[in-house]
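# Tertiary structure, described
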Amino acid sequence: MRKSLMTLLLALFAAAAGNAQQPDGAGKPVPERQLVRLSKITVDPARLAEYNACLREEIEASLRLEPGVIALYAVAGNERPNEVTILEIYAGQAAYKSHIATPHFRKYKEGTLDMVQSLDLLDVVPLHPGTLRQTLPR
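Reading guide: rules and limits
- For every chain, the first residue of the written sequence is number 1, and numbering continues from 1 along that sequence.
- Given that this is a predicted model, residues contribute local features only at a pLDDT of at least 70 and side-chain atom pairs are listed and counted only at 80 or more, while totals for whole chains, interfaces and linings are drawn from all residues.
- For the side-chain quantities, the full set of heavy atoms in the structure was used; hydrogens and water were omitted.
- We count a stretch as a helix when DSSP gives it H or I for four or more residues in a row; a strand needs E for two or more, and each element gets its number in order from the N terminus.
- A 1.4 Å probe rolled over the protein chains alone gives each residue an accessible area, and that area as a share of the maximum for its type sets the label: buried under 20%, exposed over 50%, partly exposed in between.
- In this analysis, two residues are considered to be in contact whenever any of their non-hydrogen atoms come within 4.5 Å of each other.
- Surface accessibility in these figures is a Shrake-Rupley result with a 1.4 Å probe; residues are shielded only by whichever protein chains are displayed.
- Salt bridge, as applied in this entry: a Lys or Arg side-chain nitrogen positioned within 4 Å of an Asp or Glu carboxyl oxygen.
- Strand pairing is defined by DSSP finding a minimum of two bridges between the two strands.
- Helix axes use the C-alpha atoms of the stretch in contact, all axes being lines fitted to C-alpha atoms, and the angles between their N-to-C directions lie in the range 0 to 180 degrees.

Of regular secondary structure, the chain possesses four helices and four strands. Helices and strands in the chain line up, N terminus first, as α-β-α-β-β-α-α-β. Counting the 138 residues in the chain, one finds 25% classified as buried. Counted over contacts in the chain with a minimum sequence separation of 6, partners at least 24 positions apart contribute 65%. A total accessible area of about 10,300 Å² is found for the chain, and carbon and sulfur atoms account for 59% of it.

Here's what the structure looks like:
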């Protein structure tokens, strides 16, 4: 009983710490869980074209250079085009950490600091993982 309780506590601790390589019931490693986030950004309307150019450059570089970046998809509100939402999907926490350390992301972040009026990061859980259609870049 004591051993099984200790095993359960260790498993919970490992899961809480983000250790995604714990074996499944069959002893096989479980792949790292994707990190999915919505970035909600309000941009200074007077600098929207400049912001969009920086964002486009960053997204294109990320998708071209980083295999751990699965999707970066930006949309803007119909009535408020300066309200930008970005769907971000990374292979896992390690891919996200690698992404924010890249020169192209740092250039985007530092270059748009004075354009961004607000930023909300919302980590989300996909309800139906695997339903994202893979398409070729245009």
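Now that the structure has been shown, the text picks up again.
Enumeration over the complete set of coordinates arrives at six salt bridges. Residues D123 and R37 are paired through a salt bridge, measuring 2.7 Å at the closest nitrogen-oxygen approach. Taken as a pair, D123 in strand 4 (residues 116–124) and R37 in strand 1 (residues 35–43) lie far apart in primary sequence, 86 residues in all. Residue class for R37 comes out buried when judged on its relative accessible area of 10%. Close ionic contact of K107 with E57 constitutes a salt bridge, the shortest N to O distance being 2.6 Å. With K107 in helix 4 (residues 103–112) and E57 in helix 2 (residues 48–65), this pair connects stretches of sequence that are 50 residues apart.

Moving on, we come to the sheet that holds strand 3 (residues 83–90). Sheet architecture is open: four strands sit in the order 2-3-1-4, paired in antiparallel fashion. Looking at which strands have only one partner, the edges of the open sheet turn out to be strand 2 (69–76) and strand 4. Strand after strand, the sheet turns through a mean of 15 degrees between neighbouring axes, direction not considered. Sheet topology places strand 1 next to strand 3; eight bridges connect them, and they run antiparallel. Directly across from K40, in strand 3, lies its bridge partner T85. Across the sheet, helix 2 is in contact with strand 1, strand 2, strand 3 and strand 4; its angle to strand 2 comes to roughly 165 degrees. Against the sheet, helix 3 (residues 93–100) contacts strand 1, strand 2 and strand 3, and its axis sits at roughly 125 degrees relative to strand 3.

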